Amino acid sequence: MKKNMGTIDRVVRIFAAIAVVVLFLTQAISGPLAIILGVIAAVLVLTSFVGVCPAYIPLKLSTAKK
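Computed from a prediction, not measured in an experiment: that's the story for all the values here.

## Quick look at the layout of surface pockets
- The calculated volume of the largest pocket comes to roughly 250 Å³.
- In this structure, the largest pocket is lined by 13 residues; those nearest its centre are Lys 2, Lys 3, Asn 4, Leu 61 and Ser 62.
- Residue composition of the lining of the largest pocket, grouped by class: six nonpolar, two polar and five charged.

Set out below in structure tokens:
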């Protein structure tokens, strides 16, 4: 697949995932909210490392430099 995420997009996603982890470790979030945000954080990290966001494909968006 062609990468559709730029560097800034990837870094922002990593920082968002780190924020969720910090909130969980400080017990600011718990229960179902922690699980949902944990899954979202995992998806953010995965898409950041792969460089492809599946949600961008049908919308024909790309933050990657051409």
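There is more to say after this.
## Considerations on the nonpolar core
- By size, the foremost hydrophobic cluster in this structure holds five residues: Ala 17, Val 20, Ile 29, Ala 34 and Ala 41.
- Looking at this core, the elements with two or more residues in it are helix 1 (7-25) and helix 2 (31-50).
- In this structure Ala 41 touches Ala 17 and Val 20, once residues within four positions along its chain are discounted.

## A short note on the pattern of salt bridges
- Going through the model one piece at a time under the given rule, you end up with one salt bridge.
- Among the ionic pairs, Asp 9 bridges to Arg 13, the shortest N-O distance being 3.1 Å. Of this pair, Asp 9 and Arg 13 both sit in helix 1, separated by four residues, roughly a single helical turn. Residues Asp 9 and Arg 13 agree in their burial class; the two are buried.

## Overview of a nonpolar patch on the surface
- Taken together, Val 11, Phe 15, Ile 18 and Val 22 make up a surface patch of nonpolar side chains, about 360 Å² in accessible area.
- Mapped onto the secondary structure, Phe 15 falls in helix 1.
- Residue class for Phe 15 comes out exposed when judged on its relative accessible area of 57%.

## Focus on the side chain of Thr 47
- Mapped onto the elements of the fold, Thr 47 is located in helix 2.
- Only 3.1 Å separates the side chain of Thr 47 from the side chain of Arg 13, close enough to count as a polar contact.

## Some thoughts on helix 2
- For helix 2, spanning 20 residues, the distance from its first C-alpha to its last is 29 Å, which sits close to the expected 28 Å at 1.5 Å a residue.
- Of the positions making up helix 2, those classed as buried are Ala 34, Ala 41, Leu 44, Thr 47 and Ser 48. The arc that holds the buried residues of helix 2, viewed along the axis, is 160 degrees, so those residues lie on one side. In helix 2, those exposed residues whose orientation departs by more than 90 degrees from the buried face are Pro 32, Ile 35, Ile 36, Leu 46 and Phe 49.
- Contact partners of the buried residues in helix 2: helix 1.
- Looking one or two residues past helix 2, Gly 51 carries a phi angle of roughly 90 degrees, positive in sign.

Cut-offs and rules
- Residues numbered from 1 in each chain as written.
- Predicted model: local features only at pLDDT ≥ 70, side-chain atom pairs only at ≥ 80, totals over all residues.
- Heavy atoms only, no water.
- 1 Å grid on protein atoms, 1.4 Å probe; cavity = no way out; pocket = protein on both sides within 12 Å on 5 of 7 lines; lining within 4 Å.
- Points joined across faces, edges and corners; volume = space filled by probe spheres on them.
- Nonpolar A, V, L, I, M, F, W, Y, C, P; charged D, E, K, R; others polar.
- Core = buried A, V, L, I, M, F, W, Y, C linked by side-chain atoms within 4.5 Å.
- Buried < 20%, exposed > 50% of the residue type's maximum accessible area, 1.4 Å probe, protein only.
- Helix = DSSP H or I, 4+ residues; strand = E, 2+ residues; numbered from the N terminus.
- Contact = heavy atoms within 4.5 Å.
- Salt bridge = Lys/Arg side-chain N within 4 Å of Asp/Glu carboxyl O.
- Patch = residues over 30% accessible without salt bridge, like charges linked within 9 Å, V, L, I, M, F, W, Y side chains within 5 Å.
- Areas by Shrake-Rupley, 256 points an atom, 1.4 Å probe, with all protein chains shown as cover.
- Polar contact = N/O pair within 3.5 Å; in protein donor to acceptor, adjacent residues only side chain to side chain.
- Expected span 1.5 Å × (residues − 1).
- Arc of directions from axis to C-beta.

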